Amino acid sequence: MQISPNEIFAGYTFDTATNEIRIPIASLPGLSAAEANAATGNGMEVIRQIVDRTHVALTALAPTARPTKAAVTKPNPSIASGVNIAPGILRQSYSLSFDLQPTGLELASEV
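This section reports on the structure supplied with the text. (Residues numbered from 1 in each chain as written. Predicted model: local features only at pLDDT ≥ 70, side-chain atom pairs only at ≥ 80, totals over all residues. Heavy atoms only, no water.)

Quick look at the nonpolar core
Point 1. By size, the foremost hydrophobic cluster in this structure holds 11 residues: Ile3, Ile8, Phe9, Tyr12, Leu28, Leu31, Val51, Ala57, Leu58, Leu61 and Val72.
Point 2. Among the elements that line this core, the one with the most residues is helix H3 (residues 43-60), at 3 residues.
Point 3. Ignoring sequence-local partners within four residues, the contact set of Tyr12 consists of Pro5, Asn6, Ile21, Arg22, Ile23 and Pro24. (Core = buried A, V, L, I, M, F, W, Y, C linked by side-chain atoms within 4.5 Å. Buried < 20%, exposed > 50% of the residue type's maximum accessible area, 1.4 Å probe, protein only. Helix = DSSP H or I, 4+ residues; strand = E, 2+ residues; numbered from the N terminus. Contact = heavy atoms within 4.5 Å.)

Written as structure tokens, this is what we have:
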């Protein structure tokens, strides 16, 4: 199933005049204005929130309504370990997969 960007991000728009996509910060409930700031924000938190919101939106769909050529999975977080990791820190991983057309590496059609 192909889903529209608005099914993932409420209020998503595409401005044809500027070729810009816009995702309202309200569509990313875990993201603060400070984190989203273009000059001083946290780009990795912006990415994490986009991926997490995508996961939430896809899992909210009935299994028959979910895309079959792309997936986002999120296992339970684990206790992070290793050099330079503070005790008690959780590590959240995500897995994204996309079936691509061999020419141009475009997402495979859901049709």
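Details of the pattern of salt bridges
One side chain can pair with another of opposite charge once the charged atoms of both are near each other.
Point 1. Under the criterion given, the structure shown has 4 salt bridges.
Point 2. One salt bridge in this structure joins Glu20 and Arg22, with 3.0 Å as the shortest N-O distance.
Point 3. Given a relative accessible area of 36%, Glu20 falls into the partly exposed group.
Point 4. Note that Asp52 is salt-bridged to Lys74, the shortest N-O span being 2.7 Å. With Asp52 in helix H3 and Lys74 in the loop between strand E3 (70-73) and strand E4 (78-79), the pair connects residues that are 22 residues apart, well separated along the chain.
Point 5. According to the relative accessible area criterion, Asp52 is buried, its value standing at 15%.
Point 6. Residue Lys74 is classed as partly exposed on the basis of its relative accessible area, which comes to 33%.
Point 7. One salt-bridge network, held together by shared partners, links Asp15, Glu20 and Arg22. (Salt bridge = Lys/Arg side-chain N within 4 Å of Asp/Glu carboxyl O.)

Quick word on the side chain of Gln49
Point 1. Residue placement: Gln49 occurs in helix H3.
Point 2. Here Gln49 falls in the buried class, since its relative accessible area comes to 7%.

Regarding H3
An α-helix turns once per 3.6 residues; consequently, residues spaced three or four apart project the same way.
Point 1. Taking 1.5 Å of rise per residue, the 18 residues of H3 would be expected to cover 26 Å, and the 26 Å separating its terminal C-alpha atoms lies within 8% of that figure.
Point 2. Listing the buried residues of H3 in full gives Glu45, Gln49, Val51, Asp52, Thr54, His55, Ala57 and Leu58.
Point 3. Taken together, the buried residues of H3 touch helix H1 (5-8), helix H2 (33-36), E3 and strand E6 (95-98).
Point 4. The opening residue of H3 is Asn42, an N-cap whose side-chain oxygen sits 3.1 Å from the backbone nitrogen of Met44. (Expected span 1.5 Å × (residues − 1). Polar contact = N/O pair within 3.5 Å; in protein donor to acceptor, adjacent residues only side chain to side chain.)

Some thoughts on the layout of surface pockets
Point 1. Each pocket or cavity is described by its volume, and for the largest pocket that value is around 380 Å³.
Point 2. If you trace the largest pocket, you find 17 residues lining it, with Ile8, Thr54, Ala70, Phe98 and Leu107 closest to the centre.
Point 3. Contributions of two or more residues to the lining of the largest pocket are made by H3, E3 and E6.
Point 4. Residues belonging to the lining of the largest pocket are distributed by class as follows: 13 nonpolar, 3 polar and 1 charged. (1 Å grid on protein atoms, 1.4 Å probe; cavity = no way out; pocket = protein on both sides within 12 Å on 5 of 7 lines; lining within 4 Å. Points joined across faces, edges and corners; volume = space filled by probe spheres on them. Nonpolar A, V, L, I, M, F, W, Y, C, P; charged D, E, K, R; others polar.)

Some thoughts on the side chain of Glu45
Point 1. Position of Glu45 relative to the elements: it lies in helix H3.
Point 2. A polar contact of 2.8 Å, which involves the side chain of Glu45, links it to the side chain of Gln49.

Read these as geometric descriptors, not functional statements.
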